[in-house]
Amino acid sequence: MANPSAAVDSASPSANSMWGGRFAVGPDEAMERINASIDFDRRFYREDIAASRAHAAMLVAQGIVSVGDGDAIRRGLEQVLQEIESGDFAFSAALEDIHMNVEARLAELIGAAAGRLHTARSRNDQVATDFRLWLRGALDALDGQLRDLQAALIGQAEAEAATVMPGYTHLQAAQPVTFGHHMLAYVEMLGRDRGRLSDCRARVNESPLGAAALAGTSFPIDRQATAAALGFDRPLANSLDAVSARDFAIEFLAAGSILAVHLSRLAEELVLWCSQGFAFVTLSDAFTTGSSIMPQKKNPDAAELVRGKAGRVIGALTTLLVVMKGLPMTYGKDMQEDKEPVFEAVDTLSLCLLAMTGMLRDLKADPAAMAKACGSGFLTATDLADWLVRAVGMPFREAHHVTGRLVKLAEEKKVGLADLSLAEMQAADGRITDDVFSVLTVERAVASRMSFGGTAPERVREAATLARERFL
Ligand code: ARG
């Protein structure tokens, strides 16, 4: 592992060793500080070195650099990598960024041959290449974490496929559903999140390398070869676009923001469900905290933080959209501001997924509490109306009306619909028979919702099996 917090040495007053040819004096201290990105873009060190290796190998294959110099560059880069990974590398703010830090150290190690590495290349195509490689890896890791969360949700869905709970609209109890069905709703959302990230990956995975500063190069390079060596699908077709496009990062942040919103909705439900008013679930000790003053408390801090951290990801999207808005082609230093929002979003999403997966894996549903919550709120009113349509042949609108009158009566008597007498039912409509009581239990209500995508336990079990095939 690299040592990202190693001190940055910033003591050089002389002109920059990499580009200082026309400069008489070095930068002001504030200039150096505002200009340097090494504190954050050092996260690209692996990708930067991999891209340099691919570039150097191509330069040799094309006869642009000698085999001997190519060997020296390859061995030197290998050593730089080892130094960074072992924490022995002295990062320098005077050298601005990861690209020049690596190249300057290479020059110390192998001498003049290092200067040949930058042939037919610029930091503009370099940084775009590193960024795309890094984001590709991050996308793959996030996909694995999303899959883990889906697995935890599917596990709960299978265990609680027949556990009846109130389903809500307007956060008002609406119709009975099963807890398993509710879990699988999130599996679908996260499945689309994976789809969006995978679509984004396809656009991330194109190579800017060889676009050079902006216009391409007069050297006979082979962009197909470097693209293939780095696992890109193809080289980007236009050199100006290659160095200046950041929509791949914006697209990630947009898809990431949607994911963050989904996670925050689930987090909010956990917060509600473990509150005393609901008490539908218990979160494990491992994902809750106590209060220093109220001994009875078990607070869902992890869920609250997942809910709150969505703000960071959405903020990162806004940041990069504003950075890029109105930028003329091609590269502008503004674009150095592209990395931190993406790092912030990746780190935040990764941690939220980890915490959410742990919470869902450990979560204990309380079927008795959920069943009790189904007892109030006339959850089977729709089933009564549907029965009137089926058994009596009433138009649904009329059935809705008759049911409404019976709900009002039950409300006045402070009883459930099933507790009304047949005589009371028949007072609302003489055609009602004893058979109506068979549809008024919540178990019957969920079992009857056999339509595709519906909440019947049988359907939920099928859907969970299918979800395993589709997503795991
Ligand atoms: N550190 C720079 C960035 O992050 C690298 C590219 C610099 N290019 C340049 N022409 N100064 O964007």
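Here is a short report on the structure shown in this document. (Residues numbered from 1 in each chain as written. Predicted model: local features only at pLDDT ≥ 70, side-chain atom pairs only at ≥ 80, totals over all residues. Heavy atoms only, no water.)

Here we take up the overall build of the chain. Each helix and strand counted, the chain has 18 helices and 6 strands in total. Overall, the C-alpha framework of the chain stretches about 100 × 55 × 40 Å when taken along its three principal axes. Burial status across the chain gives 49% buried among its 472 residues. Long-range pairs, those at least 24 residues apart, make up 75% of the contacts in the chain between residues at least 6 apart in sequence. (Helix = DSSP H or I, 4+ residues; strand = E, 2+ residues; numbered from the N terminus. Buried < 20%, exposed > 50% of the residue type's maximum accessible area, 1.4 Å probe, protein only. Contact = heavy atoms within 4.5 Å.)

Looking now at helix α13 (residues 367–375). Owing to its 3.6 residues per turn, the α-helix brings residues three or four apart onto one side. Among all positions in α13, only A369, M370 and C374 are buried. When α13 is viewed along its axis, its buried side chains cluster within an angular range of 145 degrees and face the same direction. For α13, the exposed residues set more than 90 degrees away from the buried face come down to A368, K372 and G375. Packing partners of the buried residues in α13 comprise β1 (164–169), α7 (179–204), β5 (281–282), β6 (364–365) and α17 (442–448). Positive phi appears at G377, one or two residues downstream of α13, with a value of about 100 degrees. (Arc of directions from axis to C-beta.)

Core analysis: the biggest nonpolar cluster contains 91 residues, and L135, F252, L263, M356 and L360 have the highest contact counts within it. With 14 residues, helix α10 (residues 247–273) is the largest single contributor of residues to this core. Those residues in contact with L360 that sit more than four places away from it in its chain are L149, A152, L153, Q156, M183, L266 and L270. (Core = buried A, V, L, I, M, F, W, Y, C linked by side-chain atoms within 4.5 Å.)

Further remarks concern the packing of helix α6 (residues 123–159) against helix α18 (residues 457–471). Between α6 and α18, the least distance of the axes is 10 Å, while the angle of their chain directions is 160 degrees. Taken together, the axis directions place α6 and α18 in an arrangement best described as roughly antiparallel. Here α6 runs over α18; the crossing is left-handed. On α18, the residues that touch R147, Q150, I154, G155, A157 and E158 of α6 are V460, A464, A467, R468 and F471. (Axes fitted to C-alpha atoms, helices over the stretch in contact; angles between N-to-C directions. Parallel < 35°, antiparallel > 145°, perpendicular 65-115°, else oblique. Left-handed = near helix turned anticlockwise from the far one by under 90°.)

Positionally, D338 belongs in the loop between α11 (301–324) and α12 (339–362). Reaching out from D338, the side chain makes a polar contact with the side chain of K339 at a distance of 2.8 Å. The residues touching D338, leaving out its near neighbours within four places in the chain, are F131, R246 and L320. (Polar contact = N/O pair within 3.5 Å; in protein donor to acceptor, adjacent residues only side chain to side chain.)

Another aspect to go through is a nonpolar patch on the surface. Judged by side-chain polarity, L214, L240 and M329 come together as a nonpolar surface patch covering roughly 270 Å² of accessible area. Secondary-structure assignment places L240 in helix α9 (residues 239–244). (Patch = residues over 30% accessible without salt bridge, like charges linked within 9 Å, V, L, I, M, F, W, Y side chains within 5 Å. Areas by Shrake-Rupley, 256 points an atom, 1.4 Å probe, with all protein chains shown as cover. Salt bridge = Lys/Arg side-chain N within 4 Å of Asp/Glu carboxyl O.)

Before going further, it helps to spend a moment on the environment of L321. Assignment of secondary structure puts L321 in helix α11. Owing to a relative accessible area of 43%, L321 belongs among the partly exposed residues under this scheme. When the C-alpha positions of L321 and D247 are compared, they lie 9.0 Å apart, and in sequence the two are 74 residues distant.

Where β1 lies against strand β2 (residues 172–178), 6 bridges are found, and the strand directions are antiparallel. Along β2, the bridge assignment pairs Y168 with A173. Where β1 folds back on β2, the antiparallel hairpin that results is connected by 2 residues, among which H170 adopts a positive phi of roughly 55 degrees. (Pairing = 2+ DSSP bridges.)

What surrounds the ligand is the set S37, D41, D97, H99, R123, N124, V127, Y331, K333, Q336 and K339. D97 is positioned such that a nitrogen or oxygen atom in its side chain is 2.9 Å from a nitrogen atom of the ligand. Here a nitrogen atom of the ligand and a side-chain polar atom of Q336 are 2.7 Å apart. Contact with the protein chains removes 86% of the 340 Å² of surface that the ligand exposes when unbound. Here the residues of the shell around the ligand are counted per class, giving 2 nonpolar, 4 polar and 5 charged. (Near = heavy atom within 4 Å. Nonpolar A, V, L, I, M, F, W, Y, C, P; charged D, E, K, R; others polar.)

Examined against the element boundaries, V25 turns out to sit in the segment before α1 (29–35). You can call V25 exposed: its relative accessible area is 64%. The spacing of V25 and A15 is 10 residues in sequence and 5.2 Å in space, taken between C-alpha atoms.

In this description, an aromatic ring pair is defined by two values, namely the gap between the centres and the angle between the planes. For the coordinates displayed, the defined rule picks out 10 aromatic pairs. Between the aromatic rings of F44 and W134, the centroid separation amounts to 6.3 Å while the plane-to-plane angle is 55 degrees, which identifies the pairing as tilted. Of the two residues, F44 sits in the loop between α2 (38–41) and α3 (45–61) while W134 sits in helix α6, which places them 90 residues apart along the sequence. Of the two residues, F44 and W134, both sit in the buried class. Measuring from ring centre to ring centre gives 5.5 Å for F44 and F343, while their planes differ by 70 degrees; the resulting arrangement is edge-to-face. Note that F44 is positioned in the loop between α2 and α3 and F343 in helix α12, a separation of 299 residues in sequence. You can call F44 buried: its relative accessible area is 0%. Aromatic rings pair up to connect F44, F131, W134, F248 and F343 into one cluster. The side chain of R42 reaches across the aromatic face of F91, ending 4.3 Å from its centre. For the cation-ring pair, R136 lies above F232, with the distance from its terminal atom to the ring centre recorded as 5.5 Å. (Phe/Tyr/Trp six-rings, centres within 6.5 Å; stacked < 30°, edge-to-face > 60°. Lys NZ or Arg CZ within 6 Å of the ring centre and 35° of its normal.)

A few words on unusual backbone geometry. Residue T330 is bonded to the preceding M329 through a cis peptide linkage, with omega at 0 degrees. Along the chain, T330 falls in the loop between α11 and α12. Of note in this structure, A212 is not a glycine but carries a positive phi near 60 degrees. You can see A212 is positioned in the loop between β3 (206–207) and α8 (223–229).

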